[in-house]
4 protein chains.
Amino acid sequence: MTESPLPDTASEQILDQVLGLELLEWDDERARGRFDVENRVRQPFGIVHGGAYAALAESLVSVATHTAVMSEGMLAMGQANSTSFLRPVSSGTITADARRRHRGRTTWVWDVDFRDDQDRLCAVTRVTMAVRPAPPTEAP
Amino acid sequence: MTESPLPDTASEQILDQVLGLELLEWDDERARGRFDVENRVRQPFGIVHGGAYAALAESLVSVATHTAVMSEGMLAMGQANSTSFLRPVSSGTITADARRRHRGRTTWVWDVDFRDDQDRLCAVTRVTMAVRPAPPTEAP
Amino acid sequence: MTESPLPDTASEQILDQVLGLELLEWDDERARGRFDVENRVRQPFGIVHGGAYAALAESLVSVATHTAVMSEGMLAMGQANSTSFLRPVSSGTITADARRRHRGRTTWVWDVDFRDDQDRLCAVTRVTMAVRPAPPTEAP
Amino acid sequence: MTESPLPDTASEQILDQVLGLELLEWDDERARGRFDVENRVRQPFGIVHGGAYAALAESLVSVATHTAVMSEGMLAMGQANSTSFLRPVSSGTITADARRRHRGRTTWVWDVDFRDDQDRLCAVTRVTMAVRPAPPTEAP
């Protein structure tokens, strides 16, 4: 078997898929996503694992920034992800709303708010994305 | 099917299990863990998803702090998780080394370093845990 | 001379005063402040020192939280201050607008936005305050 | 009076000077500094203002990074400063020890530990510096 960083079968899902993270819509200023509170996003005591919030924030902001800059020959990579956990959630659906705060030449900064089914704020994440020139692609 | 926040079958794995996060050892000052770089911890471009680092840091520090304080009638909950991504990794194993920096009455602070197979630092996380009195358990 | 942590003459100003930080108004949900861009808030290259933003955020959020909780016999102390610098500023006035994002029993979280004279966002700070019971005061 | 971002008299001190922040030594991997706990670094209750820690961390890491990269035609600017406050200090001297954790082409990351006279950890700061090409200087 040859070494490849990419999946060779449909059964090998990436992180967003195994955690059930859904990216609903995004542009260069806003992005929205969500996940259902099932065991795959829980920690051992039955509440949402902090990593699930951080992961959805990272996915949302990455795809939104990357989509915006790739037409200019740039790529976007996560540089920092800082999450504060405000309220434990054990069931329902978590909704994420990302808002871009800064669009610089080399850095974008986004704030992501997470709310539960009663619209209560349960976590907030600040994500910094690095924007860099994409490496040239080889001619075939 | 009845609603339950907890798994009713062994097949419903929690986050650590679906991502393959391994907690190797821990006490009240250090903790070590790891994960293999498989698709389940990757983002769409084939590198490790930022949420995987944040999740392992959160799991390691939570179990280490909780184990230390529960004999005193306390519980530990994640309060903040701040990760900086330093180097993209697309294969191999990621090893996490957590070191406690502060043990207060109400707050513990830990630093977690992530290294790849060549011992290069690829991410760092600072985790703040809140330590609070555990709610009394009901008599049967 | 007796040891005292507090000033014994009016000429010994505290940090807010020596940096010229002004707290304009505050309640338990919002706070506003500002400083003029003079040398005392600059770094060697003539732009606003990152510590000046962090300091004003800390002062604003501390006084707003403390004012809100002290009538309940509690006190508020800064626990974490995380600032992202978005745009260098070399003159004019910096205005800070703080918005409370979370009011928990033991933790409050605030976001502070800093803008220059052209209303451009130049820095953002997230501040976490710990709220704890105040120590009993001694009877005379 | 002409507008100038720079001081026109020696009496107009910059932030490091008005707060008494001392940069003791630095190279591209470590840096050390300190400040005395006088009123100019205190908040109203007599303890060290959180902004003083953030400011010294920012100064130390900025000068260390900038000194290292300027010979390569680059300059360094603070991008993020995240401080956790662990122990209130009301007198003595605060010593800062900065350690570089990452040296990338566009980003450096440093950790700064602050200790009091009894060598107790009182605050920790993580600083991210952006490294960018310096603008060309004009010929005379």
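The structure we're discussing is the one just above.
### A short note on helix α2 (residues 50–69) of chain C
At step 1: With 20 residues, α2 of chain C extends 29 Å between its outermost C-alpha atoms, agreeing within 8% with the 28 Å of an ideal straight helix rising 1.5 Å per residue.
At step 2: Among the 20 residues in α2 of chain C, 18 count as buried, and that is most of the element.

### A word on the environment of N39 of chain A
At step 1: With respect to the element layout, N39 of chain A can be found in the loop between β2 (30–36) and α2 (50–69).
At step 2: Along the sequence, N39 of chain A and E25 of chain A sit 14 residues apart, while their C-alpha atoms lie 25 Å from each other.

### Looking at the interface of chain C and chain B
At step 1: With five residues of chain C at the interface, the matching set in chain B holds five residues.
At step 2: In this assembly, chain C packs against chain B so that about 350 Å² is buried in total across both faces, 28% of it on carbon and sulfur atoms.
At step 3: Of all residues in chain C, the largest losses of buried area upon contact with chain B belong to Q79, T106 and R132 of chain C, amounting jointly to 82% of the total for that side.
At step 4: Put simply, chain C and chain B have two residue pairs in polar contact (both at pLDDT 80 or more) between them.
At step 5: Here the side of chain C that touches chain B is composed, by residue class, of no nonpolar, four polar and one charged.

### A word on the packing of α2 of chain A against helix α2 (residues 50–69) of chain B
At step 1: Remark: α2 of chain A packs on α2 of chain B, axes separated minimally by 8 Å, with the N-to-C direction vectors making an angle of 165°. By the angle between their directions, the pair α2 of chain A and α2 of chain B is classed as roughly antiparallel. Remark: the crossing between α2 of chain A and α2 of chain B carries right-handed chirality. Counted together, G50, G51, A54, A55 and E58 of chain A of α2 of chain A and G50, G51, A54, A55 and E58 of chain B of α2 of chain B form the full contact between these two elements.
At step 2: Considering only residue class, the contact of α2 of chain A with α2 of chain B consists of four nonpolar, four polar and two charged.

### Describing the side chain of Q43 of chain C
All names here are of chain C.
At step 1: Mapped onto the elements of the fold, Q43 is located in the loop between β2 (30–36) and α2.
At step 2: Its relative accessible area of 18% is what places Q43 among the buried residues.
At step 3: There is a polar contact of 2.7 Å between the side chain of Q43 and the backbone nitrogen of F45.

### Some thoughts on the relation of the copies chain C and chain B
At step 1: Mapping chain C onto chain B calls for a rotation angle of 180° and an axial translation of 0.0 Å; the resulting RMSD is 0.0 Å. Taken together, the rotation and translation relating the two chain copies correspond to the operation of a two-fold axis.
At step 2: Interface overlap between copies: 100% of the residues of chain C at the interface are likewise at the interface in chain B, consistent with a symmetric, same-surface contact.

Criteria and thresholds
- Residues numbered from 1 in each chain as written.
- Chains lettered and ligands numbered in written order.
- Predicted model: local features only at pLDDT ≥ 70, side-chain atom pairs only at ≥ 80, totals over all residues.
- Heavy atoms only, no water.
- Helix = DSSP H or I, 4+ residues; strand = E, 2+ residues; numbered from the N terminus.
- Expected span 1.5 Å × (residues − 1).
- Buried < 20%, exposed > 50% of the residue type's maximum accessible area, 1.4 Å probe, protein only.
- Contact = heavy atoms within 4.5 Å.
- Buried area = accessible area lost by both parts, 1.4 Å probe.
- Polar contact = N/O pair within 3.5 Å; in protein donor to acceptor, adjacent residues only side chain to side chain.
- Nonpolar A, V, L, I, M, F, W, Y, C, P; charged D, E, K, R; others polar.
- Axes fitted to C-alpha atoms, helices over the stretch in contact; angles between N-to-C directions.
- Parallel < 35°, antiparallel > 145°, perpendicular 65-115°, else oblique.
- Left-handed = near helix turned anticlockwise from the far one by under 90°.
- Least-squares fit on C-alpha atoms with pLDDT ≥ 70 in both.

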